[in-house]
Amino acid sequence: MAKKQGSIVDILFMLSDKIVLLITIGVLGWVVYDCFIKPKGVQDGGQVLSTSKAAADGGVLIDGYINQIKRPDNSTKPPEMVDVKDLFARKQTFKTDQIDRIPLRPIFLVDMELEEDRMAYTIPEIPRTSQAKIDHFHGRVYRPVIQELSLENDQVTNEVADVNVITVEAMIPFKELRAQFNRNFGRAQQPFEVTEPVFADVNLQRSQLNADGIWSDWQNVERISVDPIKTAMISFDIRKYSNKSYLNYLKIFQQPTLQKSILQPGMYDVVDLEEWLPPTKRLKKLKENKSGGGIKRRNVVDRKKVTDNKRKNFMGILGGNKKKKGGSLSLFLGGARKSNNQTKSNKESENVNSESWFNQENITLWAHDDSVKPGFVYRYRIQVGVFNPIAGHSWFNESQRHLKDQMVLWSEPIDVDQYVSVPESTLFFPKTVKQNEKTVDVEVYRWQDGQWHTKRFKQLGVGAVIGEIEVPKKKSSSSSTDPEPLPIDYRTNVTILDIIPNTQHWCKSGTNIRSVTTADLIVQDENGRVTRIGVDKQTWPESLQQRSKEVRRAYVDQRPQRRPG
């Protein structure tokens, strides 16, 4: 078999020269035919015309077309030209079977995609607020009663309520912020219409001092119930809006009156004051008239005075200052600051026009917190949010791609340099004790309806909760048309855990120290804080003794004085 294959290879090797010669002759023959023998010309209707013949026939056709154009046309007139904008205004209808045959060219979509990829803007940094101030209001206000509204009932009624409202004020450099926005977005051919900074919200955060001296986590504070922006706020999720609807929201929020409501929310109508003032204006008024202007800032303390190792004794620092009669503490306690001025609604806002608003160098802003609890210490920080004008688009630099879905750009929060201690609206003081029976009498004071009320609860034993709701009896001298007296809430939510008899205390009296033997109460409040307090007031801490004197004095001062004789 191997010998046969070898013979075939030898034969092919001998014929190789002849095979190459045949291939070369074939190629040369094809070149001679294509270049010299094949007729030249232009194909027309299956015939091959020479170049000169095709040119002559083409000239005849062109002359005929020219003569036809010059000849007057007696046919119908061409259709009337239609403006391009009318074409878009007219409604075009197509049959269902024609839809697939309609030529579609997504010119606008392609152009938009190219525009998205081509543009790149830099988001300016929102400047931090400055000059933060804090103030505390404690008094009676007209608070709306939340009711279910219907076609038959569309009225919102108000009630007089005691509230504690913390107000934090700050300032933002608007001129600087506006210049950055105009520089980054105010181009000649911008793809959006709003290039001014539009404020979205003022975020107030607070932290509470726990019983162990550790601050809680920061929590966002909701707007107060009388703030119309609270119900008008939109979702800050850009995925819920189209580009057009988002632009419409920016235009709406850009209105100066709405911007003012966002940055400077209203306050409850105050019952006992002529008007409510923000911290800066109220402090200015207090300096001008030290005897008026409402409640003094007794419960606001600088942070610098409270170190970490003294936080547990923070309440003692606040209450340890001795005040003279008629001082700021007595004013807060209801030291009978009488006012004959009629209540003025603080909802009357000034006329705000676009020119004055956008030309401000600095804008003052504030936020309220009416959800604080009496007896607690709080710290605050504040920040402002501005709408992201290109949220949802792809017009970001590579370093800011993460801001595409961020609808609001927030400034860095600024801490307020002062703490606020919300004074108790309900206080209790042990009076007498029966050590053998393990019972104690407790005197409770309650700040309600702008004045102090008091009641003694007798023979409370271990496990008893101090205080209850009491409905005052109607006076015999009152007529049938007089309104019924309102219930007074004396509840303290403090439980007596134990009564320890014959406890010895060492008390300071002047420059001497002496021994005092009394019973001690072990009590627990609603937050789980356990406190030990002696029944004899000589064993009380100085802060508790001072508060006891102040509240008793205020209670006496508010009663009508007897006429002499």
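Residues numbered from 1 in each chain as written. Predicted model: local features only at pLDDT ≥ 70, side-chain atom pairs only at ≥ 80, totals over all residues. Heavy atoms only, no water.

(A) Seen up close, the pattern of salt bridges. The final tally for this structure, using the stated rule, is 18 salt bridges. Close ionic contact of Asp-135 with Arg-282 constitutes a salt bridge, the shortest N to O distance being 2.6 Å. Of this pair, Asp-135 sits in strand E3 (residues 130–144) while Arg-282 is found in helix H9 (residues 279–288), placing the two residues 147 residues apart along the sequence. Ionic pairing is found between Asp-520 and Arg-532, a salt bridge with its closest N-O pair at 2.8 Å. Note that Asp-520 is positioned in strand E21 (residues 512–524) and Arg-532 in strand E22 (residues 530–534), a separation of 12 residues in sequence. You can call Asp-520 buried: its relative accessible area is 1%. Here the residues in one salt-bridge network are Asp-201, Arg-223 and Asp-227, joined through shared partners. (Salt bridge = Lys/Arg side-chain N within 4 Å of Asp/Glu carboxyl O. Helix = DSSP H or I, 4+ residues; strand = E, 2+ residues; numbered from the N terminus. Buried < 20%, exposed > 50% of the residue type's maximum accessible area, 1.4 Å probe, protein only.)

(B) Layout of the nonpolar core. The biggest cluster of nonpolar side chains holds 53 residues, and the ones touching the most others in it are Phe-199, Leu-263, Tyr-380, Ile-382 and Phe-387. For this core, the leading source of residues is strand E10 (residues 377–387), giving six residues. Not counting chain neighbours up to four residues away, the residues in contact with Phe-387 comprise Phe-181, Val-198, Phe-199, Ala-200, Ile-234, Phe-236, Tyr-246, Leu-250, Phe-253, Met-407 and Val-408. Listed in part, the 27 residues of the second largest apolar core include Leu-427, Leu-460, Trp-540 and Leu-544. (Core = buried A, V, L, I, M, F, W, Y, C linked by side-chain atoms within 4.5 Å. Contact = heavy atoms within 4.5 Å.)

(C) Seen up close, the environment of Tyr-378. By the element assignment, Tyr-378 lies in strand E10. A sequence separation of 172 residues divides Tyr-378 from Arg-206, and the C-alpha atoms of the two residues are 6.6 Å apart. Setting aside its immediate chain neighbours within four residues, Tyr-378 contacts Arg-206, Ser-207, Gln-208, Trp-215, Val-372, Lys-373, Tyr-419, Val-420 and Val-422. A polar side-chain atom of Tyr-378 sits 3.0 Å from the main-chain amide nitrogen of Lys-373. (Polar contact = N/O pair within 3.5 Å; in protein donor to acceptor, adjacent residues only side chain to side chain.)

(D) Summary view of the sheet that holds strand E9 (residues 363–369). The antiparallel open sheet is built from four strands, whose spatial order is E7-E3-E4-E9. Every other strand in the sheet has two partners, leaving strand E7 (269–270) and E9 as the edge strands with one partner each. Sheet analysis places strand E4 (residues 158–172) next to E9, joined by seven bridges and oriented antiparallel. Counted as the bridge partner of Thr-167 is His-368 from E9. (Pairing = 2+ DSSP bridges.)

(E) Region of the structure containing the packing of aromatic side chains. Within this structure, the stated rule accounts for 15 aromatic pairs. With a centroid separation of 5.0 Å and 45° between ring planes, the pair formed by Trp-215 and Tyr-419 is classed as tilted. Of this pair, Trp-215 sits in the loop between strand E5 (199–208) and strand E6 (219–220) while Tyr-419 is found in strand E13 (residues 418–421), placing the two residues 204 residues apart along the sequence. Grouping aromatic residues by their ring pairs yields a cluster made of Tyr-121, Phe-181, Phe-185 and Trp-395. Against the face of Phe-429 rests Arg-552, its NZ or CZ located 5.8 Å from the ring centre. (Phe/Tyr/Trp six-rings, centres within 6.5 Å; stacked < 30°, edge-to-face > 60°. Lys NZ or Arg CZ within 6 Å of the ring centre and 35° of its normal.)

(F) The arrangement of the sheet that holds strand E14 (residues 426–434) in detail. Pairing within the open sheet is antiparallel, and its three strands lie in the order E14-E15-E16. In the strand order of this sheet, the two ends are held by E14 and strand E16 (451–460), each with one partner. Strand-to-strand, the axes of this sheet are offset by a mean angle of 20°, without reference to chain direction. Sheet analysis places E14 next to strand E15 (residues 439–448), joined by eight bridges and oriented antiparallel. In the strand pairing of E15, Thr-426 is matched with Arg-446. Relative to E14, helix H13 (residues 542–558) is tilted by about 105°, and along the sheet it contacts E14, E15 and E16. (Axes fitted to C-alpha atoms, helices over the stretch in contact; angles between N-to-C directions.)

(G) Representation of the confidence of the model for the protein chain. Considering every residue of the protein chain, the mean pLDDT works out to 75; 66% of them sit at 70 or more. For the stretch residues 306–349, pLDDT sits under 50, and the model shows 85 contacts to residues farther than four places along the chain or on other chains. Segment residues 561–565 is flagged for pLDDT under 50; beyond a separation of four residues in sequence, or across chains, it makes zero contacts in the model. (pLDDT = per-residue confidence, 0-100.)

(H) Structural view of a nonpolar patch on the surface. A surface patch of nonpolar side chains, amounting to about 820 Å² of accessible area, comprises Ile-11, Met-14, Leu-15, Ile-19, Ile-23, Val-27, Trp-30 and Val-31. With respect to the element layout, Trp-30 can be found in helix H1 (residues 2–37). (Patch = residues over 30% accessible without salt bridge, like charges linked within 9 Å, V, L, I, M, F, W, Y side chains within 5 Å. Areas by Shrake-Rupley, 256 points an atom, 1.4 Å probe, with all protein chains shown as cover.)

(I) Up close: the pairing of E4. Buried residues dominate E4, accounting for 11 of its 15 residues. Bridge count for E3 against E4 is 13 bridges, and the pairing is antiparallel. Bridging across to E4, Gly-139 finds its partner in Val-163.

(J) Layout of the environment of Ile-533. Along the chain, Ile-533 turns up in strand E22. Owing to a relative accessible area of 11%, Ile-533 belongs among the buried residues under this scheme. Each C-alpha atom of the pair Ile-533 and Val-523 lies 8.1 Å from the other, and the pair is 10 residues apart in sequence. Sequence-distant contacts of Ile-533, that is, excluding residues within four places in its chain, are made with Pro-430, Ala-519, Asp-520, Leu-521, Trp-540 and Leu-544.

(K) Fine view of the pairing of E10. Among the 11 residues in E10, 10 count as buried, and that is most of the element. As judged from the nine bridges shared by E5 and E10, these two strands associate in the antiparallel manner. Its bridge partner being in E10, Leu-204 is matched across the sheet by Ile-382. Inspection of the sheet shows E10 paired to E13 by two bridges, in the antiparallel sense.

(L) The environment of Ala-367, seen in detail. Considering the arrangement of structural elements, one finds Ala-367 in strand E9. For Ala-367, a relative accessible area of 8% gives the class buried. Separated by 201 residues in sequence, Ala-367 and Ile-166 have C-alpha atoms that sit 8.3 Å apart. With sequence-adjacent residues up to four places away left out, Ala-367 is seen in contact with Ile-166, Thr-167, Val-168, Val-202, Leu-204, Pro-265 and Ile-382.

(M) Broad picture of unusual backbone geometry. In the Ramachandran plot, Gln-131 falls in the positive-phi region, its phi being about 55° despite a non-glycine side chain. At Asn-493, a position not held by glycine, the phi torsion is positive, near 60°. Taking the relative accessible area as the measure of exposure, Asn-493 reaches 38% and is therefore partly exposed.

(N) Inspection of the side chain of Gln-383 at higher detail. Mapped onto the elements of the fold, Gln-383 is located in strand E10. Judged by relative accessible area, Gln-383 falls into the buried class, the value being 10%. In this structure the side chain of Gln-383 is engaged in a polar contact, spanning 2.7 Å, whose partner is the backbone oxygen of Ser-411. Non-local contacts of Gln-383, meaning those with residues more than four positions away in its chain, are made with Asp-201, Val-202, Asn-203, Gln-205, Trp-410, Ser-411, Glu-412 and Pro-413.

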